Amino acid sequence: MQNPPENQGKLVRSIGLTSAVVLVISSVIGTGVFKKIAPMSYELQSPSLVLFAWLAAGLISLAGTLSNAEVASMLADSGGDFVYYRKIYNRFFAFLFGWTNFAVIRTASIASIAYVFAQSINSLIPIPNSSQELSDISIFGLHFFDNLGIKLIAIALIVFLTYFNNKGMKLGEKLSTTLVSLMVMAMLLIITLGLLSSSGSLEHLQQNSVRYNPESMSGSTLFKALALACLSAFWGYEGWNSVGYIGGEIKNPQRNLPLALTIGTLIIMALYLMMNFVYLYILPIDEFINIYEAKNGIGAVAVVKHFLGPWGGTLISCLILVTTFNCTSSTILLASRLFYAMAKDNMFFKKVDYIHPVYNTPSRALYIQAVWSSLLVLSGTFDQLTDMLIFAAFIFYGATTLGVFILRKKMPDTPRPYKVIAYPFVPAIFILFCIALLFNTLVERPHEALIGLGLMATGLPFYWYWNKNKS
């Protein structure tokens with residue numbers, strides 16, 4: 001390990017259990033719960049199947065969370081899974097994880113959430129768009145200048161929140177606590193008003209789309225549709241393991257980290273199921289299919305406008321602004337610790353191994369993360385980015401869960417403050433699902449999957465270079 005630069009600070013253990021739970025929630029609830037109802041309705045054409053997909057994705061994510069919690073309770077440190085992989089597998093696999101997070105998973109997540117924040121501003125105050133001639137310009141198949149006004153707002157948010165989170169962990173934690181409180185209260189208000197609204201009907205929950213064909217929606221066709229819908233739902237749950245990146249800044253991490261992961265995921269599941277129940281209670285599923293095909297709206301906005309009128313549209317747009325602002329901030333804060341941990345172990349750009357002497361934050365990791373995230377905002381659409389990152393993320397989610405089995409064999413006597421329930425069934429089910437999701441994505445969404453794999457492969461020459469220098 002290289003010697004750290006002089007004149008720098010250090011990471012401080014200042015995060016308690018409640019704050020860690022808040023960071024789990026704030027790093028997960030961003031856009032999926034508002035936006036993904038439309039593509040999921042398009043794939044499944046049945047309200048009951050949409051709710052089942054959200055429940056299934058939540059239970060599978062919980063299985064991954066519980067498995068991740070056992071590993072985290074043993075190996076908690078700044079860098080999360082990067083640190084785990086060094087001990088479970090080897091330096092190369094740890095590097096591949098870290099580089100993939102930099103190339104696509106965390107940075108694309110930041111880009112995607114910031115993009116929806118800008119879209120929400122656009123719904124309140126129209127943002128000037130680029131001309132058709134500029135939008136049509138294609139570079140390597142990517143339309144960098146399409147929706148340029150919205151993209152510039154998203155980039156401005158990333159730059160501002162990077163600057164803000166560079167000012168200290170406690171500042172970012174306080175912001176998350178405040179915004180999560182507002183967000184949960186607003187979501188519960190929408191759920192309550194929706195259930196009490198005369199606009200809703202239980203018939204909407206029982207009525208399939210006019211396109212629904214029970215004969216064709218069965219067997220392999222049903223499985224493929226559920227898998228694609230779950231891919232959308234998993235974007236809603238994406239980021240539950242990010243709090244592991246600040247293991248070196250959590251008090252008593254062996255106890256608090258697994259507890260925060262579990263409690264946070266359960267709260268998120270409950271909110272997601274209630275919100276989507278209200279959506280499908282208020283509007284028939286064909287309305288969401290129309291929204292998806294028109295590609296110019298957000299399902300949650302249409303629902304709340306329908307039963308609360310124009311001020312409801314303003315309310316839901318403000319809620320989306322709060323959640324996306326908060327989620328972008330938390331993801332920026334948490335992911336930067338991973339890139340710092342890589343640099344500290346000589347597997348990333350050398351200058352990134354730096355802690356600000358005043359603010360005790362990995363300032364250079366924050367800045368390089370902001371640059372690449374901003375480029376990803378320009379590179380493609382929201383859905384392309386999320387599909388790419390979910391495919392890449394589940395490769396590593398499965399690897400962490402496999403680590404439960406490996407560590408039980410390699411380190412049987414090491415203290416485990418937390419053990420996954422129903423071992424070996426819970427981790428085994430999660431691993432099998434990861435394999436199925438990866439295979440299905442390769443078949444059904446080969447373009448996004450191959451781009452994700454290609455971005456992973458871009459790290460190979462960097463690994464060779466950094467590993468050579470270390471030797």
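Throughout this description, residue numbers start from 1 for each chain and increase along the sequence as written. Side-chain atom pairs in this predicted model are given and counted only at pLDDT of 80 or more, local residue features only at pLDDT of at least 70, and totals for whole chains, interfaces and linings cover all residues. As a rule here, side-chain values come from all non-hydrogen atoms in the structure, and water together with hydrogens is ignored.

Trainee: Whenever I open this one, the overall build of the protein chain confuses me. Can you help?
Mentor: Across its full length, the protein chain holds 20 helices and zero strands. Since a compact globule built from 471 residues should have a radius of gyration of about 23 Å, the 22 Å found for the protein chain is in line with a globular shape. Projected onto the principal axes, the alpha-carbon positions of the protein chain cover approximately 65 × 50 × 40 Å. Remark: exposure states derive from per-residue accessible area (1.4 Å probe, protein chains only) relative to the maximum for the residue type, with buried under 20%, exposed over 50%, and partly exposed in between. The buried share of the protein chain, reckoned over its 471 residues, is 59%. Numbering of helices and strands runs from the N terminus; a helix is a DSSP stretch of H or I covering at least four residues, while a strand is a stretch of E covering at least two. Every radius of gyration here is taken over C-alpha atoms, with the globule rule written as 2.2 Å times N^0.38, N being the number of residues.

Trainee: Would you take a moment to explain the side chain of T401 for this structure?
Mentor: Within the secondary structure layout, T401 lies in helix α17 (residues 382-410). At 3.1 Å, the side chain of T401 and the backbone oxygen of Y397 are in polar contact. Only heavy atoms matter for contacts: two residues are in contact if any of them lie within 4.5 Å across the pair. If sequence neighbours within four positions are ignored, T401 has contacts with G64, S67, P427, F430 and I431. In the analysis that follows, any N or O atom pair within 3.5 Å is treated as a polar contact, provided that within protein one partner can donate a hydrogen and the other can accept it, and provided that, for residues neighboring in sequence, both atoms belong to side chains.

Trainee: What is the right way to read empty space enclosed by the protein from this model?
Mentor: The gaps of empty space that remain are located by a probe, the size of a water molecule, rolled over the atoms. Here a cavity denotes a set of grid points, spaced 1 Å apart and computed over the protein atoms alone, in which a 1.4 Å probe fits but from which it cannot get out, and a pocket denotes an open set meeting protein on both sides within 12 Å along at least five of seven lines; residues with an atom within 4 Å of a point are reported as lining. Grid points are joined across faces, edges and corners, and a volume is the space filled by probe spheres set on the points. Taken as a whole and judged by the stated rule, the model has three cavities of 30 Å³ or more. Estimated volume of the largest cavity: approximately 50 Å³. Lining the largest cavity, in full, are S27, V28, G30, T31, G32, S109, I113, W235, G236, E238, Y272 and C327. Contributing elements (two or more residues each) for the lining of the largest cavity: α1 (17-28), α6 (91-124) and α11 (219-237). Within the lining of the largest cavity, the residues separate by chemical class into five nonpolar, six polar and one charged. Ten residue types, Ala, Val, Leu, Ile, Met, Phe, Trp, Tyr, Cys and Pro, are classed as nonpolar, four, Asp, Glu, Lys and Arg, as charged, and the remainder, Gly among them, as polar.

Trainee: I would appreciate a short explanation of the packing of aromatic side chains in the present structure.
Mentor: Two descriptors summarise a pair of aromatic rings, namely the distance from one centre to the other and the angle between the planes of the rings. To pair, rings of Phe, Tyr and Trp, with the six-membered ring standing in for Trp, must have centres within 6.5 Å; the planes then decide the type, stacked if under 30 degrees apart, edge-to-face if over 60, and tilted in the middle. If you walk through the whole model with that rule in mind, you get 38 aromatic pairs. Plain terms: the ring middles of F95 and Y463 are 5.1 Å apart, the flat faces sit at 45 degrees to each other, and that makes the pair tilted. Of the two residues, F95 is situated in helix α6 and Y463 in helix α20 (residues 460-470); the sequence distance between them amounts to 368 residues. With respect to class, F95 is no different from Y463; both count as buried. Pairwise contacts between aromatic rings join F92, F95, W99, F102, F339, F348, F349, W372, F462, Y463 and W466 into one cluster. The ring of Y354 is capped by R364, whose NZ or CZ atom sits 4.0 Å from the centre of that ring. Whether a charge sits over a ring depends on NZ of Lys or CZ of Arg being within 6 Å of the ring centre and within 35 degrees of the ring normal.

Trainee: Mind showing me how you'd approach the side chain of N326 here?
Mentor: If you trace the backbone, N326 turns up in helix α15 (residues 310-344). Under the relative-accessibility criterion, N326 is labelled buried at 0%. N326 has contacts with S26, L175, S176, L179 and V180, leaving out every residue within four places of it along the chain.

Trainee: Help me understand unusual backbone geometry in this model?
Mentor: Excluding glycine, residues mostly have negative phi values, and the peptide bonds linking residues are mostly trans. Note that the residue after Y423, namely P424, is joined by a cis bond; omega there is 5 degrees. Mapped onto the elements of the fold, P424 is located in the loop between α17 and α18 (425-444). The backbone of N346 sits at a positive phi, close to 65 degrees, despite the residue not being glycine. Structurally, N346 can be placed in the loop between α15 and α16 (363-379). Positive phi is not limited to glycine here, since N360 has a value of about 55 degrees. Position of N360 among the secondary structure elements: in the loop between α15 and α16.

Trainee: I tried to follow the pattern of salt bridges on my own but got confused; where do I start?
Mentor: Side chains that differ in sign of charge can pair as their charged atoms come close. When a carboxyl oxygen of Asp or Glu is within 4 Å of a side-chain nitrogen of Lys or Arg, the pair counts as a salt bridge. Considering all chains together, one arrives at six salt bridges under this definition. Note that R106 and E238 form a salt bridge whose closest N and O atoms lie 2.7 Å from each other. Of this pair, R106 sits in helix α6 while E238 sits in the loop between α11 and α12 (253-282); the two residues are 132 residues apart in sequence, bridging distant segments of the chain. Of the two residues, R106 and E238, both sit in the buried class.

Trainee: Is there a simple way to explain the packing of α1 against α15 in this structure?
Mentor: When two helices pack together, their arrangement is captured by the angle between the axes and the distance separating the axes. Between the N-to-C directions of two axes lies an angle of 0 to 180 degrees, each axis being a line fitted to C-alpha atoms and, for a helix, fitted only over the stretch in contact. In the contact formed by α1 and α15, the axes pass within 7 Å of each other and the chain directions differ by 115 degrees. When the axes of α1 and α15 are compared, the pair comes out roughly perpendicular. Judged by the twist between their axes, the crossing of α1 over α15 is left-handed. Seen from α1, the contacting residues are L23, S26, S27 and V28; seen from α15, they are N326, C327, S330, T331 and L334. Here the residues of the contact of α1 with α15 sort into four nonpolar, five polar and no charged. Note on angle classes: values under 35 degrees are labelled roughly parallel, values over 145 roughly antiparallel, values of 65 to 115 roughly perpendicular, and the remainder oblique. Left-handed is the label given to a crossing in which the near helix is rotated counterclockwise from the far helix by less than a right angle, and right-handed is the label when the rotation is clockwise.

Trainee: Would you mind showing me how to read the environment of Y279 here?
Mentor: Secondary-structure assignment places Y279 in helix α12. The buried category is assigned to Y279, whose relative accessible area is 1%. Taking C-alpha positions, Y279 is 14 Å from G313, a pair spaced 34 residues apart along the chain. Look past the residues within four positions of Y279 in its chain and what remains in contact with it is V33, F34, I37, F288, A300 and V303.

Trainee: Help me understand a nonpolar patch on the surface in this model?
Mentor: Within the patch definition used here, like charges are joined within 9 Å and nonpolar side chains (Val, Leu, Ile, Met, Phe, Trp, Tyr) within 5 Å, considering only residues with over 30% relative accessible area and no salt bridge. All accessibility values rest on the Shrake-Rupley procedure with a 1.4 Å probe; residue burial counts only the protein chains present in the view. A cluster of nonpolar side chains, F439, L442, V443, L450 and L453, forms an exposed patch at the surface whose accessible area comes to about 470 Å². Secondary-structure elements contributing two or more residues to the nonpolar patch are α18 and α19 (446-457). Counting residues per element, the nonpolar patch draws most heavily on α18, at three residues.

Trainee: Just checking my understanding: could you explain the packing of helix α4 (residues 47-75) against helix α5 (residues 81-88) for this structure?
Mentor: Running from amino to carboxyl end, α4 crosses α5 at an angle of 80 degrees, the nearest separation of the two axes being 10 Å. Relative to α5, the element α4 is oriented roughly perpendicular. The segment α4 lies against α5, with N68, V71, A72 and L75 engaging D81, V83, Y84, K87 and I88. When grouped by side-chain class, the residues that make up the contact of α4 with α5 number six nonpolar, one polar and two charged.

Trainee: What's the story with the environment of F117 in this structure? I'm lost.
Mentor: The residue F117 is located in helix α6 in this model. Assessed through its relative accessible area of 11%, F117 is described here as buried. Remark: the alpha-carbon pair of F117 and F425, spanning 308 residues in sequence, is separated by 39 Å. Beyond its immediate chain neighbours, meaning those up to four positions away, F117 contacts L157, L321, T324 and F325.

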